[in-house]
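# Observations on chain architecture
What follows is the residue order along each chain.
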Amino acid sequence: MSNVILEARALRKTYLSGDRRLEVLNDVAMTVARGESVSIRGESGSGKSTLLHLLAGLDQPDAGEVLWAGSTDTGTGRRAKFLGMVFQSFYLIPELDALENVVMAMRMVGPVGSAERDRAKAMLARVGLAERAHHVPAHLSGGERQRVAVARALINSPQLILADEPTGNLDEKTGDAVIALLLQLCAETQTALVLVTHNAAHAAKTSRSLLMHNGALNTA
Amino acid sequence: MPWYLYLALKQLFPTGKKFPFFTAISVLGVALGVALLVVSISVMGGFGHEIRRMIVDTQGDVQIRGSGLVNNPKAIMGLVAKVPGVTGVTPFAEGVVMLEYNRKPIFPGIQGIDLTHINDVIPLTRYIHNGTLGDLDDDTIILSSQLAYSIGANVGDKVQISSPLQLEKLKNDEVFLPRELTISGIFEIGHQQLDSSTVLVTLRRMQDLYGLGNAVHGFDVKIVDGLDPDVVTRRINAALPPASGLEARSWMELNQDFLFVLQLEKNLIFILLLFIVVVAAFSVTSSLLISVVRKTREIGLLGALGGSPREVALCFCFQGLLIGVSGTVCGLAFGFGFLHVRNDILHLFTKLTGSQEALERFYQFSNVPAYLQPGDLLLIIASTIVISTMAGIIPAWRAARLKPVEALRNE
Ligand SMILES: Nc1ncnc2c1ncn2[C@@H]1O[C@H](COP(=O)(O)OP(=O)(O)OP(=O)(O)O)[C@@H](O)[C@H]1O
Ligand SMILES: [Mg+2]
């Protein structure tokens, strides 16, 4: 089973809003193998982000468990090394330029020297932003910002990328380019990818497509 | 450098921004508090230092007095001089006289000094501006500067001195002639009270005026620099014959009420001015809190990147610390800069307001002294840095409490 990077078992998540119980996830199970790309689609409010947060260890399920490469340890100590995340709003740190934003992820796992900085530069070049390394987010376009976020997610050579609607704030053409880049980089580095998207065309490009409906995850 | 320290630095001094406005304002607030503390405590310390110096310069480190007259001054001096730590002993006799110049009488305090020993204890020469101590003999007198000025007398002029003893004779219808002494010098200690109403004569002249014979009133003692005066005082008391009725007291003991008030004043000023730093710290807290709220999503992101709540908290605490340190450095620079030009400012001010004379009369100093004890400096630095670090604690706690999921959902 060493080939399974991510496993979710019988995940259950319920929110209390007022006196109403909202069963968002009801017995969700999934496995992702090394280097595999999986897309999740589903209507708005179906619980895709909720699931992704559980998979990332940022939130705890009411029942069930999440395993990273076979281990239930999904704490902060392991997160920086094990997974990278990409979000709809890019969440770059506005005080840092593009390069420093990528380097910030490296600082989370260890000391940063010139070798690390060179690696970050190479990664920025890889996402086509070699010329933009010293621009702050405010001076980058949406597509460029998302590519910085992709570079940041990949810089620590994680085994898993979790992407939550990474093209939601981009126009179609830019979005297509970002998805193509993300898929290509993940394939090259044998990184598993879980991609939440509303875009059927993007979903079709992944090796497996899942559908979130009524709190359960089904093969599309 | 751990990521949270790096990020703290960058949030205060963002990349590509020439002038970090928010940071500058916060730092300035702390700096003003520190500068004010440094200036006030230095000037307070300067006055205190000046006053201590004057006390020691005019009465020695230790003073020996008895209930009455000391009839065997030579023997006592011999005993005291042998006490380890004592470098000089000089006898004195003191009183009040009537001094007349141009038929204008005044009643200054008078000190009889022993010319052979005075220089071992009291650096009088340093304070004599006209004439020299060497010119003082049994027929001459040294006046304090204000006193000489007020009666319009100068070196070479003659004044008449009468003592209470001589006035006593008048009651018995005896004829007496005031002693006529020539002014041989003018001294100025820098302390208005001493400068306005003291005259110095030789011990022999004083003994004559007061009919003391060979007796004196007491002794001023100088000790080795750096020795604790109280320790030497104890040794002297052990050496003094119990029957003599003499007691040695250190200058600190003699002036303890005054020194206590001086210290109390300084402590009060310190606490009051520290509140400026506290107020500045509140503004640091509020601006950091605003930054936590504004950066909610980025704080969520830090969690997603692998940062722990503890590290996020440290990031904000460190911002408080950084503001504190920068504020302290700037404040020290402002403070010491201001102290450097304090006398120029004072002189400009007195020139503009024509208040030079009033200033000297009421404050007894013509220059503003400044002296900052290393301990006080350390206290200012430490308390400022502690207070501003504490200013980061509430924002840090708020940031650490944010759940990454909720922070990320925050639109
Ligand atoms: N903290 C919360 N308290 C109460 N309800 C919540 C909370 N977080 C999410 N929900 C609810 O859970 C449901 C699932 O939310 P989620 O964000 O996972 O949906 P989603 O599939 O990602 O939707 P979208 O496609 O619009 O991003 C929604 O109905 C939402 O209102
Ligand atoms: Mg969502």
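What you see is a predicted model, and the numbers here were worked out from it, not measured in a lab. (Residues numbered from 1 in each chain as written. Chains lettered and ligands numbered in written order. Predicted model: local features only at pLDDT ≥ 70, side-chain atom pairs only at ≥ 80, totals over all residues. Heavy atoms only, no water.)

Accessible area lost upon the coming together of the parts serves often as the stated size of an interface. Each assigned domain of chain B is listed with its residue range as follows: domain 1 (3-52 + 258-409) and domain 2 (86-223). Here domain 1 of chain B and domain 2 of chain B have C-alpha centroids that lie 52 Å from each other. (Domains from an automatic or database assignment.)

A few words now on empty space enclosed by the protein. By the definition in use, this model includes two cavities of 30 Å³ or more. Counted as a void, the largest cavity has a volume near 70 Å³. Of all the secondary-structure elements, those providing two or more residues to the lining of the largest cavity are β5 (83-86) and α5 (142-154) of chain A together with α12 (296-305) of chain B. Sorting elements by how many residues they give to the lining of the largest cavity places β5 of chain A first, with three residues. Of the residues belonging to the lining of the largest cavity, the class tally is eight nonpolar, two polar and one charged. Estimates place the volume of the second largest cavity at around 40 Å³. If you trace the second largest cavity, you find it lined by Ile 93 of chain A together with Leu 7, Gln 11, Glu 298, Ile 299, Leu 302 and Phe 316 of chain B. Counting only elements with at least two residues in the lining of the second largest cavity, the list comes to α1 (3-12) and α12 of chain B. When residues in the lining of the second largest cavity are grouped by element, the largest group, three residues, is from α12 of chain B. (1 Å grid on protein atoms, 1.4 Å probe; cavity = no way out; pocket = protein on both sides within 12 Å on 5 of 7 lines; lining within 4 Å. Points joined across faces, edges and corners; volume = space filled by probe spheres on them. Helix = DSSP H or I, 4+ residues; strand = E, 2+ residues; numbered from the N terminus. Nonpolar A, V, L, I, M, F, W, Y, C, P; charged D, E, K, R; others polar.)

Attention now moves to the packing of aromatic side chains. Per the counting criterion, the structure on display carries four aromatic pairs over all chains. Taken together, a centroid distance of 6.2 Å and an interplanar angle of 65 degrees make the contact between Phe 19 of chain B and Phe 21 of chain B edge-to-face. Summarising the burial analysis for this pair, Phe 19 of chain B and Phe 21 of chain B share the class exposed. Here the guanidinium or amino end of Arg 78 of chain A rests over the ring plane of Phe 82 of chain A, the centre of that ring lying 5.2 Å away. (Phe/Tyr/Trp six-rings, centres within 6.5 Å; stacked < 30°, edge-to-face > 60°. Buried < 20%, exposed > 50% of the residue type's maximum accessible area, 1.4 Å probe, protein only. Lys NZ or Arg CZ within 6 Å of the ring centre and 35° of its normal.)

This brings us to unusual backbone geometry. Residues and elements named next belong to chain A. Positive phi is not limited to glycine here, since Asp 27 has a value of about 60 degrees. At Ser 157, a residue that is not glycine, the phi angle is positive and equals roughly 45 degrees. As for its placement among the helices and strands, Ser 157 is situated in the loop between α5 and β6 (160-164). Overall, the relative accessible area of 54% leaves Ser 157 in the exposed class.

Residues and elements named next belong to chain A. Spatial ordering of the open sheet is given by β2-β1-β4, a layout of three strands whose pairing is antiparallel. Single-partner strands in this sheet number two, and they are β2 (20-33) and β4 (63-68). Neighbour-to-neighbour, the strand axes of this sheet turn through a mean angle of 20 degrees, independent of strand direction. This element, helix α1 (residues 48-55), spans β1 (4-17), β2 and β4 of the sheet and lies at about 125 degrees to β1. (Pairing = 2+ DSSP bridges. Axes fitted to C-alpha atoms, helices over the stretch in contact; angles between N-to-C directions. Contact = heavy atoms within 4.5 Å.)

The biggest cluster of nonpolar side chains holds 119 residues, and the ones touching the most others in it are Met 30, Leu 51, Leu 55 and Leu 124 of chain A. With near-sequence residues (within four places) excluded, Met 30 of chain A lies in contact with Leu 6, Glu 7, Ala 8, Val 38, Ile 40, Leu 51, Leu 55, Val 194, Leu 210 and Leu 217 of chain A. Counting 41 residues, the second largest nonpolar core, distinct from the first, contains Ile 141, Leu 143, Ile 186 and Ala 248 of chain B. (Core = buried A, V, L, I, M, F, W, Y, C linked by side-chain atoms within 4.5 Å.)

With that out of the way, let us pick up helix α3 (residues 73-81) of chain B. Residues and elements named next belong to chain B. Of all the residues in α3, the buried ones are Pro 73, Ile 76, Met 77 and Val 80. Down the axis of α3, the buried set is contained in an arc of 100 degrees. They therefore lie on one face. Buried residues along α3 sit in contact with β1 (62-70), β2 (86-96), β11 (216-223) and α9 (229-239). (Arc of directions from axis to C-beta.)

Contacts between the two partners involve 26 residues from chain A and, on the opposite side, 24 residues from chain B. Across the interface of chain A and chain B, roughly 2,300 Å² is buried in total on both sides, 65% from carbon and sulfur atoms. By the criterion of area lost to chain B, the three top residues of chain A are Tyr 91, Glu 95 and Met 108 of chain A, representing 30% of everything that side buries. The tally of links from chain A across to chain B stands at two salt bridges. The salt bridge involving Lys 10 of chain B is made with Glu 100 of chain A; its shortest N-O contact spans 3.5 Å. Along the contact surface separating chain A from chain B lie seven residue pairs in polar contact (both at pLDDT 80 or more). (Buried area = accessible area lost by both parts, 1.4 Å probe. Salt bridge = Lys/Arg side-chain N within 4 Å of Asp/Glu carboxyl O. Polar contact = N/O pair within 3.5 Å; in protein donor to acceptor, adjacent residues only side chain to side chain.)

Let us look at the sheet that holds strand β7 (residues 192-196) of chain A. All names here are of chain A. With mixed pairing, the six strands of this open sheet are ordered in space as β5-β6-β7-β3-β8-β9. Lying at the two open borders of the sheet, with one neighbouring strand each, are β5 and β9 (216-219). For this sheet, the mean angle separating the axes of adjacent strands, direction not counted, is 20 degrees. Where strand β8 (residues 208-213) lies against β9, four bridges are found, and the strand directions are antiparallel. Each residue of the ladder has a partner; that of Leu 211, found in β9, is Asn 218. Sitting on the sheet, helix α6 (residues 172-189) is in contact with β3 (37-42), β6 and β7, with an inclination near 160 degrees to β7.

Bringing the packing of helix α3 (residues 98-107) of chain A against α5 of chain A into the picture now. Residues and elements named next belong to chain A. Where α3 meets α5, the closest approach of the two axes is 8 Å, and the angle between their N-to-C directions is 30 degrees. If you check the angle between α3 and α5, you find them roughly parallel. Where α3 crosses over α5, the two elements pack in a sense that is right-handed. Side by side, α3 and α5 meet where Ala 98, Asn 101, Val 102 and Ala 105 of the first sit next to Val 148, Ala 151 and Arg 152 of the second. (Parallel < 35°, antiparallel > 145°, perpendicular 65-115°, else oblique. Left-handed = near helix turned anticlockwise from the far one by under 90°.)

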